[in-house]
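Read off the chains here:
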Amino acid sequence: MTAQLLTCARAVLPDDTVLANACVALAGDRIEWVGPGDALPARYANWPRQDLAGDLLTPALIDCHTHLVHGGHRAREFEQRLQGASYADIAQAGGGILGTVNATRAASVDALVEAALPRLDALMAEGVAVVEIKSGYGLDRDTELNMLRAATRLAEHRPVQVVRTFLGAHAIPPEYAGRADDYLDEVCLPTLNAAHDEGLVDMVDGFCEHIAFSVAQIERLFDRAQSLGLPIKLHAEQLSALGGASMAALRGARSVDHLEYLDPAQAQVLARQGTVAVLLPGAFYTLRETRKPPIAALREAGVDMAISTDCNPGSSPLSSLLLTMNMACTLFGLTPAEALAGVTRHAARALGLDAERGAIAPGQHADLLRWSVQSPAELSYRLGFNPLIERIQGTPA
């Protein structure tokens, strides 16, 4: 196929370089060759060719941090925040995450799937082909496992790759108030074992905050995850500076997420460890926060910055990755090129999928998006407009 091409592959072209009149050769479900049309090897001369009339091709998008599976909604809390209540105030009064726990515990796997499908469809309509989905709204064995089962079934209903993340250490349920360590011992860690035994979990996450779990408690979770051979990531430094991000990075975390209160000096730790910083402007916007992640320090240190919707019922009821890209530019100061890399190459790294996803390069999945835009910056620039023409997946050679 012939098109304008943005590879999102740093080894091929800089992030903001569009290759005009480019060709991509697809063999089965893989990309076999990428380059200028006038350099197309002779062996492809007789292959079927599709001329995309100068439209822009990018890799399919990746939403690397979501809470897509849940019961109920929290519109009332939206009203409370408009009246001045903080996220922490609502959580400490029994709302927040715990409000969703009650609705999720009452839902069957079928109901969770049915509720999540419209949100997944909204993401896919904008070109999302990979989505990470967390548990964390059950906080008991049965519901946590049901959330992961629902996430698994979503990939059976739609042509999307789902990465399932166990987030049993998301909050402390009311029945364990003041007994976080007992909750870890009696519920969270045994449920992680059960999820692993059932083949339901790909990664392990936790919420390291003063309203959730301490650094030491998260380390216990990570000890168990790593004993099971499961990669880790962490919600860290969203509401306060506890040091969870540097701890997770030093333990080999694939990503640390939120980071509004990250000490800028810790950006060097993330860079040395190769840990991706996942920025979540939807939560920053919804909670009307004022403290931004230290973008300049992350950029200077060379930390890969992914961005994601954080789609969830409370702090980020956002199901548009294109709008998230705009927010990352407008609120956090990313460039449009950084935003696009943040939902392709860097998002793939945050999920450990960079060998197969996130770029248009030989060996990668043949999963491309065709956009009706004249400049890649348009993907971050427009609000409420979707210029996606089609998703192009691999064809036989």
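Residues numbered from 1 in each chain as written. Predicted model: local features only at pLDDT ≥ 70, side-chain atom pairs only at ≥ 80, totals over all residues. Heavy atoms only, no water.

## Describing the sheet that holds strand S12 (residues 305-307)
So the rule is basically this: The criterion for strand pairing is that DSSP finds at least two bridges linking the strands in question. Secondary structure elements are taken from DSSP: a helix is a run of H or I of four residues or more, a strand is a run of E of two residues or more, and numbering for both begins at the N terminus. Fitting a line to C-alpha atoms yields each axis, with helices limited to the stretch in contact; the angle taken between N-to-C directions then spans 0 to 180 degrees. We call two residues in contact whenever any of their non-hydrogen atoms come within 4.5 Å of each other.
Taken in spatial order, the 8 strands line up as S5-S6-S7-S8-S9-S10-S11-S12 in an open sheet, and their pairing is parallel. A single partner strand is all that each edge strand has here, and the edge strands are strand S5 (61-63) and S12. Pairs of neighbouring strands in the sheet enclose a mean axial angle of 25 degrees, with direction left out of account. In this sheet, strand S11 (residues 276-279) lies alongside strand S10 (residues 255-258) in parallel orientation, the contact comprising 3 bridges. Bridge pairing links Val-256 to Ala-277 in S11. Contacting strand S7 (161-169), strand S8 (203-208) and strand S9 (233-236), helix H7 (residues 215-227) crosses the sheet at an angle of about 175 degrees to S8.

## Quick look at the domain arrangement of the chain
Cut-off, in case you're wondering: Where each domain begins and ends is defined by an automated method or by a domain database. The buried area of a pairing is the accessible area, by a 1.4 Å probe, that goes missing from both parts when the two are put together, added over both. Criterion for a salt bridge: a side-chain nitrogen of Lys or Arg within 4 Å of a carboxyl oxygen of Asp or Glu. Within 3.5 Å is the distance limit for a polar contact, defined as a pair of N or O atoms, with the added protein rule that one can donate a hydrogen and the other accept it, and that residues adjacent in sequence qualify only through two side-chain atoms. The nonpolar class holds Ala, Val, Leu, Ile, Met, Phe, Trp, Tyr, Cys and Pro. Asp, Glu, Lys and Arg form the charged class, and all remaining residues, Gly among them, are polar.
Domain boundaries assigned for the chain yield domain 1 (3-59 + 360-393) and domain 2 (61-351). Contacts between the two partners involve 21 residues from domain 1, matched on the other side by 21 residues from domain 2. With both chains or domains summed, domain 1 and domain 2 bury close to 1600 Å², and 58% of this area falls on carbon and sulfur atoms. Linking domain 1 to domain 2 there are 0 salt bridges. The tally of links between domain 1 and domain 2 comes to 4 residue pairs in polar contact (both at pLDDT 80 or more). Those elements giving two or more residues to the side of domain 1 that touches domain 2 turn out to be strand S4 (51-59), strand S13 (367-371), helix H15 (378-381) and strand S14 (388-393). Counted by class, the side of domain 1 that touches domain 2 contains 13 nonpolar, 3 polar and 5 charged residues.

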